[in-house]
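Residues per chain, in single letters:
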Amino acid sequence: MTGVTLPAYAKLNLTLDVLRRRNDGYHDLASVMQTVSLHDDVSVALTEDGGIVCRCGDIPGDESNLAVRAARAFFVKTGIPPRGLYIDVVKRIPVGAGLAGGSADAAAVLRGLRALLRPEISRSELERIAAVVGSDVPYCIRGGTVLSEGRGECLTPLPGAPRFCVVLCKPAFSLSTPMMFSRIRAEELSRRPDTAGMLDALRRGDRAGVAARVRNVFEDVLPPEYAEVFAIRDRLLKLGAEAAAMSGSGPTVFGLFGDDMAAGSAYMELKSAYAQTFLTRFV
Ligand code: ATP
């Protein structure tokens, strides 16, 4: 086998809490993360020459690309002599959106290289390599419904969340993750997500309990000029979403719907105003 193509799924944060700033500059988080069906397609092929060539839609395929960084980390950490690679990413996940699109691509490259080169490493070793590439990459290797703690390297699998249809809507602007973290004063956050309550609702398969506990602390530090996020959130709720919140460090807003029809008509309505609107579901 010389090539594989893998889906790289987007994630959303059903809860997102920032617990503290650490001495190393990172933050300790607690987040219930969920994979959704919106995905990029990542193809990885071994080539004869020694370099890495990456095509990634409009995003540079140079050393700044997380897919390339993942390939480099794989060879360094496994000790496998670097091989020539061709990486092709069909991008569908919006960029700088809070949906971990770049991390998902990086995770797909790591999984692809493991399938192609068969190093004797366990999934947890692959997740340790993933953590070097970025905080959300270990989660993207794992996928599903997961409690993510620490900087994203402590993962606890959770019972699958009740099936929701999801409308994702990204306004025209992007938000920088470092800028959003710089606005957080963890000790001053007052309305924290009920993470323990969310875990309990997931264990009981309690849809209403899950919907009631959707919450992201980054909404509290959103600069006022980006208030359109709240307008989208309110619109999703008016259109019948059982819950709606910003994902990650934003600005994409997700709405959770129990009913396909309501999700479909909310999608149609928002799509006419926001080009980057997607109808998707939990996977
Ligand atoms: P997160 O939810 O993990 O904070 P995000 O969805 O906000 O991530 P990404 O779409 O992953 O953000 O992109 C963040 C930055 O990473 C962008 O500036 C982008 O140029 C860069 N980047 C590097 N590689 C990729 C990639 N393969 N796909 C998307 N963005 C990438």
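Calculation rules
- Residues numbered from 1 in each chain as written.
- Predicted model: local features only at pLDDT ≥ 70, side-chain atom pairs only at ≥ 80, totals over all residues.
- Heavy atoms only, no water.
- Buried < 20%, exposed > 50% of the residue type's maximum accessible area, 1.4 Å probe, protein only.
- Helix = DSSP H or I, 4+ residues; strand = E, 2+ residues; numbered from the N terminus.
- Arc of directions from axis to C-beta.
- Contact = heavy atoms within 4.5 Å.
- Near = heavy atom within 4 Å.
- Polar contact = N/O pair within 3.5 Å; in protein donor to acceptor, adjacent residues only side chain to side chain.
- Areas by Shrake-Rupley, 256 points an atom, 1.4 Å probe, with all protein chains shown as cover.
- Nonpolar A, V, L, I, M, F, W, Y, C, P; charged D, E, K, R; others polar.

Quick notes on helix α3 (residues 123-133)
At step 1: Among the residues making up α3, those that are buried are Leu126, Glu127, Ile129, Ala130 and Val133. One side of α3 carries all its buried residues, which in axial view fall inside an arc of 160°. Facing away from the buried side of α3 by over 90 degrees, the exposed positions are Arg128 and Val132.
At step 2: Each element contacted by the buried residues of α3 is listed here: α1 (66-78), α2 (101-117), α4 (137-142) and β6 (154-157).

Things to note about the site of the ligand
At step 1: Contacts to the ligand come from 21 residues, most closely from Leu66, Gly96, Gly98, Gly102 and Asp136.
At step 2: Within the backbone of Ala97, a nitrogen or oxygen atom sits 3.4 Å from an oxygen atom of the ligand.
At step 3: A distance of 3.1 Å separates an oxygen atom of the ligand from a polar side-chain atom of Thr177.
At step 4: For the ligand, whose accessible area on its own is 620 Å², the fraction buried by protein is 76%.
At step 5: Residue contributions to the shell around the ligand peak at 4 residues, all from α2.
At step 6: Split into classes, the residues belonging to the shell around the ligand amount to 8 nonpolar, 9 polar and 4 charged.

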